[in-house]
Amino acid sequence: MKQEKQMPGIDEEAILKPVLTHIKHKLMVLSGKGGVGKSTIAACLAIALAKKGNKVGLLDIDLHGPSIPHLLNIPDILDISPEQKVLPKEIMPNLEVVSMECFMADKDQAVIWRGPLKHAAIRQFIGDVQWGDLDYLVVDSPPGTGDEPLSIAQLIPEAKAIIVTTPQEVALADIRKSITFCHEVDMDIAGIIENMSGFICPHCGKEVDIFKTGGGERTALAFHVEFLGKLPFDLGVVEAGDEGKLIKYMEREDNPYNKALFEIADRLIQRLKEMEIKPVSLDEIRAKNSYKVTIPLKDGKPAPFLTNCDQIAMVHVKDSQIKKVERISPSQQGPIRPKVFVDLGADLVMAKEMKEKAKYVFYKNKVGVVLDIPDATPEELVEKFIKGELGGK
Ligand SMILES: Nc1ncnc2c1ncn2[C@@H]1O[C@H](COP(=O)(O)OP(=O)(O)OP(=O)(O)O)[C@@H](O)[C@H]1O
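The rules behind each value
Residues numbered from 1 in each chain as written. Predicted model: local features only at pLDDT ≥ 70, side-chain atom pairs only at ≥ 80, totals over all residues. Heavy atoms only, no water. Domains from an automatic or database assignment. Buried area = accessible area lost by both parts, 1.4 Å probe. Salt bridge = Lys/Arg side-chain N within 4 Å of Asp/Glu carboxyl O. Polar contact = N/O pair within 3.5 Å; in protein donor to acceptor, adjacent residues only side chain to side chain. Helix = DSSP H or I, 4+ residues; strand = E, 2+ residues; numbered from the N terminus. Phe/Tyr/Trp six-rings, centres within 6.5 Å; stacked < 30°, edge-to-face > 60°. Buried < 20%, exposed > 50% of the residue type's maximum accessible area, 1.4 Å probe, protein only. Core = buried A, V, L, I, M, F, W, Y, C linked by side-chain atoms within 4.5 Å.

Taken domain by domain, the protein consists of domain 1 (12–275) and domain 2 (282–387). Interface area, domain 1 with domain 2, both sides summed: about 920 Å², of which 40% is carbon and sulfur. The largest contributions to the domain 1 side of the interface with domain 2 come from Glu 13, Pro 157 and Asp 186, which together make up 59% of the buried area. Its salt-bridge partner being Lys 17, residue Glu 356 comes within 3.6 Å of it at the nearest N-O pair. Applying the counting rule to domain 1 against domain 2 returns 9 residue pairs in polar contact (both at pLDDT 80 or more). When residues of the side of domain 1 that touches domain 2 are traced back to their parent elements, those giving at least two are α1 (12–20) and α6 (169–184).

If you walk through the whole model with that rule in mind, you get 2 aromatic pairs. Relative to Phe 385, the ring of Tyr 291 has its centre 6.0 Å away and its plane inclined at 80 degrees; by these criteria the two rings are edge-to-face. Linking Tyr 291 in strand β13 (residues 290–298) with Phe 385 in helix α14 (residues 378–387), this pair joins segments that are 94 residues apart in sequence. Each member of the pair, Tyr 291 as well as Phe 385, carries the same accessibility label: buried.

Here we take up the nonpolar core. Buried together is how nonpolar side chains tend to be arranged in soluble globular proteins. Counting residues in each nonpolar core, the largest one holds 87 residues, and the members touching the most others are Leu 58, Leu 72 and Ile 152. With 19 residues, the next largest nonpolar core counts Leu 297, Ala 313, Val 382 and Ile 386 among its residues.

This is the structure in structure tokens:
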């Protein structure tokens with residue numbers, strides 16, 4: 001499991017919340033290896049979503065090799081608002097872009113940063129940019145499953161991954177790593193896109209399978225992940241990307257690459273609707289014949305944080321009566337993850353405090369959450385819940 005990278009003494013959630021609450025869907029474009037067309041797809045998807053009338057932000061967090069500024073021909077310098085916030089560059093109606101490159105004094109100097117510094121830079125990117133209200137934030141991350149995607153997973157709890165692959169076997173082996181990474185950091189996968197799948201001959205217009213096609217779809221099926229679609233190999237995309245003219249290129253509606261991309265954007269919009277997560281109704285839990293309540297404990301009392309509990313109280317309720325109370329010692333080493341409570345079959349978690357990410361994991365798994373509980377025994381707390389004195393809704 002990857003290392004948690006919390007910055008000591010900094011409440012990252014509090015810093016980012018005012019920005020993130022104004023962004024409806026957060027997407028991170030990932031790939032197992034470089035050169036599969038991830039940045040091009042991030043840029044084209046952002047363009048397609050903006051063309052469909054959505055407010056879109058595109059954030060390039062590839063600190064080592066940012067390609068978005070080149071692909072979209074954005075200027076080196078960004079303006080700063082009177083409130084000292086970075087103003088993203090509007091490159092077409094509804095689409096604003098920010099890239100790490102805009103903050104690098106020497107463009108040819110590779111950034112040699114270690115994890116925590118990168119994490120701080122990414123946090124600043126998100127927190128110090130005046131995005132305003134957005135329907136979609138598309139984040140282009142470097143290839144692989146290193147520091148940058150891990151930071152996004154920690155800083156944006158409800159970010160969803162779009163995994164880009166090509167049909168070759170090597171890329172497909174890497175895709176599995178990307179899927180495992182998403183599972184490890186509790187990041188939902190919006191879907192997989194297979195790029196460079198089939199070549200459209202510029203002379204005869206016929207599609208030729210230069211690599212095997214369909215591998216991305218098969219992998220998606222095998223891993224129970226949504227397949228968003230295939231994009232053909234298109235020399236026009238290379239040229240348009242090289243010249244920073246992707247926006248212009250995407251005006252060609254008859255082009256097979258563009259057509260496929262707009263279809264993928266439609267599928268993505270639909271998929272995100274299906275993936276929307278709502279808090280679990282506490283009254284519905286109360287009304288069940290039987291349910292299980294878990295409470296993280298530290299030294300016998302409700303733990304200040306979920307992660308540092310040394311015991312979990314599991315209270316079984318049947319017909320609005322407590323039937324049994326178990327005290328379970330987590331077997332795993334290190335911080336206790338929300339998944340442990342989910343795996344115990346909890347219907348409800350009662351805790352003092354909880355990170356947004358943990359709440360998100362519980363709601364995703366249809367587990368209810370009651371916070372701000374007082375110091376009391378698990379039995380007293382659950383009695384209060386049953387009577388509606390705790391967890392009103
Ligand atoms: N469908 C496509 N058809 C033809 N060329 C493509 C296609 N998609 C991307 N390319 C080209 O492939 C090259 C790599 O693309 P891109 O930079 O988007 O990949 P990447 O996965 O983001 O790479 P890295 O992460 O290493 O920067 C570029 O030259 C781009 O124009």
